[in-house]
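Here's the letter readout for the chains.
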Amino acid sequence: MNVDTALLERETLGRPIRVGMIGAGATGRAIALQLATPVPGMRLVAISNRTPGNGERAFREAGITEWRRVDSARAADAAITQGMPVLTDDPSVLTGCDSIDIIVEVTGTVEAAAGVVLEAFDCGKHVVLVNAELDSLIGPILKTKADQAGVVLTHTDGDEPGVAMTLLRYLRTLGLRTVAAGNIKGMVDYYRNPDTQRAFAANNDQDVMKVTSFADSTKLSMEATVLSNATGFLPGRRGMYGPACKYVREMSGLLPAEQMLSTGLVDYALGAAPHTGAFVIIHEEAPLKKVQLAYYKLGDGPFYVFYTPFHLPHIQLAW
């Protein structure tokens, strides 16, 4: 089924997917803004945040002028049924609310988020993780729990692991053998710290610890773990290789061929244009197929690089 067609059908029928979001930091506010546009067939109907003021800010920035503070699932259900978004500081209000179809977890916590996700499963709720911290640590365990509960657990499509997986799945549907995948990183500096990143965080209205993790490879390692769990590919060595290159398609000759073919690799391209997004490498030895791939400007092989030159975690939630 085409996702756009399915969403338009839900919009036409007046049955949009009702989204409850846990967490209203910088990424949560961006998600709220996007969902309140509104996206056809989807509606943001609830926010839970431990600091209600941040939830109110998310609603205001999204152009939502009215909402109701609630402290029970029953009160939330009544308000949402009347077309009124709700705000609470208790995530269980959202997980237990019958008028919410899917939970988007955006806190970046581990212990607290794990409790929310398991509670959502118990209540029959599907969950989208915008939380590499949680997913990289216990994602496979949560996936097993979701399967047992008969619900869907997915990582956000818009962060790099999801971007890579969407591309990889597409290539597999074409009958191509995928052998490596990973992030396209503009820079990595292991010695970045909150002091060096404080100005950047302030300029972009972001949490300083979070943007430090972007620069020092902490978040990169989490995302590679998520991708490894999803694909079964392995890192070639501790910390990955991360070869530097000017253009991401150079990666076809920069990763060890024998490891790509034997285990598959998760890795990253460092400093490569387009400096963001994700890549997937395929392997092809058939002579005539190699001629065709060369004709379409993909190189001489036998390794070929495909890539997506963007990642938009606040937009591509669960495509």
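Residues numbered from 1 in each chain as written. Predicted model: local features only at pLDDT ≥ 70, side-chain atom pairs only at ≥ 80, totals over all residues. Heavy atoms only, no water.

Some details on the nonpolar core
- Of all hydrophobic cores here, the largest spans 27 residues; its most connected members are Ile100 and Val127.
- At the level of secondary structure, the elements contributing two or more residues to this core comprise strand S2 (42–48), helix H4 (73–81), helix H5 (91–95), helix H6 (111–122), strand S6 (126–129) and helix H7 (132–149).
- With 6 residues, H6 is the largest single contributor of residues to this core.
- Once you skip the residues sitting within four places of it in the chain, Val127 turns out to touch Ile102, Ile103, Val117, Ala120, Phe121, Val152, Leu153 and Thr154.
- The next biggest cluster of nonpolar side chains, apart from the first, holds 22 residues, and it includes Ile31, Val104, Val128 and Val130. (Core = buried A, V, L, I, M, F, W, Y, C linked by side-chain atoms within 4.5 Å. Buried < 20%, exposed > 50% of the residue type's maximum accessible area, 1.4 Å probe, protein only. Helix = DSSP H or I, 4+ residues; strand = E, 2+ residues; numbered from the N terminus. Contact = heavy atoms within 4.5 Å.)

Thoughts on unusual backbone geometry
- Each neighbour pair has its own omega, and for Ala273 with Pro274 the value is 15°, a cis peptide bond.
- Mapped onto the secondary structure, Pro274 falls in the loop between strand S10 (265–270) and strand S11 (278–283).
- Here the bond from Gly301 into Pro302 is cis, since omega is 5°, no more than 30 degrees from zero.
- Of note, Pro302 is situated in the loop between helix H13 (287–295) and strand S12 (303–308).
- Notably, Met240 is not glycine yet its phi reads approximately 70°, a positive angle.
- Inspection of the secondary structure assignment puts Met240 in the loop between strand S9 (234–235) and helix H12 (257–262).

Some details on the packing of aromatic side chains
- Enumeration over the complete set of coordinates arrives at 3 aromatic pairs.
- Where Phe59 meets Trp67, the ring centres are 5.2 Å apart and the plane angle is 20°; that geometry is what we call stacked.
- For Phe59, a relative accessible area of 0% corresponds to the buried category.
- Judged by centre distance (4.9 Å) and plane angle (85°), the rings of Tyr295 and Tyr296 are edge-to-face.
- Residue classification places Tyr295 among the exposed residues on the basis of a relative accessible area of 56%.
- On the basis of relative accessible area, Tyr296 is assigned to the exposed category, the value being 58%. (Phe/Tyr/Trp six-rings, centres within 6.5 Å; stacked < 30°, edge-to-face > 60°.)

It is worth stressing that arrangement in space is one thing and function is another; only the former is reported here.
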